[in-house]
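# Architecture at a glance
In case you want the letters, here they are:
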Amino acid sequence: MIKVVSFKICPFVQRVTALLEAKKIPYEVEYISLKDKPQWFLEISPTGQVPVLVTESGQALFESDAIVEYLNETYPSLQPDISPEQRALNRAWSYQATKHYLAQCSAQRSANKQILEERSGKLAQAFAKIEEELGDGPFFNGTTLSDVDIAWLPLLHRASIIQAHSGYDFLAGFSKVKVWQGAILHTGLAEKSVPGDFEQRFTDFYLSENTYLGNSTASTNNQDKLCSSGSCC
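Residues numbered from 1 in each chain as written. Predicted model: local features only at pLDDT ≥ 70, side-chain atom pairs only at ≥ 80, totals over all residues. Heavy atoms only, no water.

## Thoughts on the overall build of the chain
The helix and strand inventory of the chain stands at 10 helices and four strands. Counting from the amino terminus, helix and strand elements in the chain follow one another as β-α-β-α-β-β-α-α-α-α-α-α-α-α. Taking 17 Å as the expected radius of gyration for a compact globule of 233 residues, we find that the chain reaches 17 Å, a close match to that expectation. The 233 residues of the chain split such that 50% are buried. Counting contacts in the chain only where the partners sit at least 6 residues apart, residues at least 24 apart contribute 72% of the total. Looking at the chain as shown, the accessible area adds up to about 11,000 Å², and 49% of this sits on carbon and sulfur atoms. (Helix = DSSP H or I, 4+ residues; strand = E, 2+ residues; numbered from the N terminus. Rg over C-alpha atoms; globule rule 2.2 N^0.38 Å. Buried < 20%, exposed > 50% of the residue type's maximum accessible area, 1.4 Å probe, protein only. Contact = heavy atoms within 4.5 Å. Areas by Shrake-Rupley, 256 points an atom, 1.4 Å probe, with all protein chains shown as cover.)

## Structural notes on the environment of Glu 69
Locating Glu 69 in the fold gives a position in helix 3 (residues 64-74). Expressed as a C-alpha distance, the spacing of Glu 69 and Gln 108, which sit 39 residues apart in the sequence, is 29 Å.

## Brief notes about the sheet that holds strand 4 (residues 60-62)
Spatially, 2-1-3-4 is the arrangement adopted by the four strands of the open sheet, whose pairing is mixed. Looking along the sheet, the strands with just one partner apiece sit at the ends: strand 2 (27-31) and strand 4. Across this sheet, the average inter-strand angle for adjacent strands is 25°, counted without regard to direction. When strand 1 (residues 2-6) meets strand 2, the two strands line up parallel, connected through five bridges. Its bridge partner lying in strand 2, Lys 3 is registered against Glu 28. (Pairing = 2+ DSSP bridges. Axes fitted to C-alpha atoms, helices over the stretch in contact; angles between N-to-C directions.)

## What about unusual backbone geometry?
Most of the time, phi is negative for any residue but glycine, and the peptide bond is trans. In the segment running from Val 50 into Pro 51, the intervening peptide bond is cis, with an omega of 5°. By the secondary structure assignment, Pro 51 is in the loop between helix 2 (39-44) and strand 3 (52-54). With an omega dihedral of 10°, the bond running from Gly 137 to Pro 138 counts as a cis peptide bond. Positive phi values are uncommon outside glycine, yet Lys 24 reaches one of about 60°.

## As for the environment of His 157
Residue position: His 157 is located in helix 7 (residues 147-166). With a relative accessible area of 7%, His 157 lands in the buried category. Put simply, His 157 and Glu 43 are 114 residues apart on the chain and 32 Å apart in space, counted from C-alpha to C-alpha.

## Observations regarding the confidence of the model for the chain
Per-chain confidence: the chain averages 93 in pLDDT, with 92% of residues scoring 70 or above. Below pLDDT 50 for its whole length, residues 216-230 participates in 54 contacts with residues either more than four positions away or in separate chains. (pLDDT = per-residue confidence, 0-100.)

## A look at helix 8 (residues 175-186)
With 12 residues, helix 8 should reach 16 Å at 1.5 Å per residue; the first-to-last C-alpha distance of 17 Å fits that figure. Listed in full, the buried residues belonging to helix 8 are Val 177, Trp 180, Gln 181, Ala 183 and Ile 184. Looking straight down helix 8, one finds its buried side chains confined to an arc of 165°; they lie on one side. Relative to its buried face, helix 8 has exposed residues pointing more than 90 degrees away, namely Ser 175, Val 179 and His 186. (Expected span 1.5 Å × (residues − 1). Arc of directions from axis to C-beta.)

## A look at helix 6 (residues 113-133)
With 21 residues, helix 6 extends 30 Å from end C-alpha to end C-alpha; this agrees with the ideal 30 Å at 1.5 Å per step. The backbone nitrogen of Gln 114 lies 3.1 Å from a side-chain oxygen of the residue at the head of helix 6, namely Asn 112. (Polar contact = N/O pair within 3.5 Å; in protein donor to acceptor, adjacent residues only side chain to side chain.)

## Digging into the packing of helix 6 against helix 8
Interhelical geometry of helix 6 versus helix 8 gives an angle of 85° and a closest axis separation of 8 Å. The orientation of helix 6 relative to helix 8 falls into the category roughly perpendicular. Contacts between helix 6 and helix 8 involve Phe 127, Ile 130 and Glu 131 on the former and, on the latter, Ser 175, Lys 176, Val 177 and Trp 180. (Parallel < 35°, antiparallel > 145°, perpendicular 65-115°, else oblique.)

## Focus on the side chain of Ser 64
With respect to the element layout, Ser 64 can be found in helix 3. Residues within four places of Ser 64 in sequence aside, it is in contact with Phe 12, Arg 15, Val 16 and Pro 51.

## Things to note about the packing of aromatic side chains
Under the criterion given, the structure shown has 11 aromatic pairs. Summarising the aromatic geometry, the rings of Phe 12 and Tyr 101 are spaced 4.8 Å apart at their centres and angled 65° between planes, so their arrangement reads as edge-to-face. Residue Phe 12 is located in helix 1 (residues 11-23), and its partner Tyr 101 is located in helix 5 (residues 101-108); the two are separated by 89 residues in the primary sequence. Of the residues examined, Tyr 101 reaches a relative accessible area of 1% and is grouped as buried. Positioned over the ring face of Tyr 31 is Lys 8, at 5.1 Å from the centre of the ring. In this structure, Arg 109 is placed above the aromatic ring of Phe 205, and the distance from its NZ or CZ to the ring centre is 4.2 Å. (Phe/Tyr/Trp six-rings, centres within 6.5 Å; stacked < 30°, edge-to-face > 60°. Lys NZ or Arg CZ within 6 Å of the ring centre and 35° of its normal.)

As structure tokens, then:
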């Protein structure tokens, strides 16, 4: 069986596990601490980062983009009949999501309102671009779930949790993105692709007393601080 080496609140891991769930591929997960990485993990991960996917043959794969490509080449595609052009566009829009994972991490850890506004502003640019591309939905490519939806799922899932717990809305002003978020979350893939204690661990880290979003004033305002390396992903 496939094994995924994971850190519980890493968005790059969730992108991989959400795709495994969407494709209904059996897998197991082994969680590690990024502050105390085991030697066996360092031996199979050249970058020392998660996710790592160990194939059924025992080969360790790293980097989420490469892992997703492997899963799409090895298992049935979510959209087997799309054109090469659309497949390339899907890769490009998926990349637009993943390159903003750490931007969202840092925005969520903002120590004060000014830093939060600066960082969430950069994140808003990504949401503005995808807002322009969304059609009638409910998903990015219409009625069929695609790799683009899976790539954006970690961003949309985390935005939902932040709003529910703090009142701060990363998606304010993006009506199409909000509808899209609802459709993706309605699939249940967000909950299936994370551990049972994900929300508690996530809020403990991003809504702690050290963050603006975690302060009592955040529910009526907005928040910031850098995502400490090795802690969020």
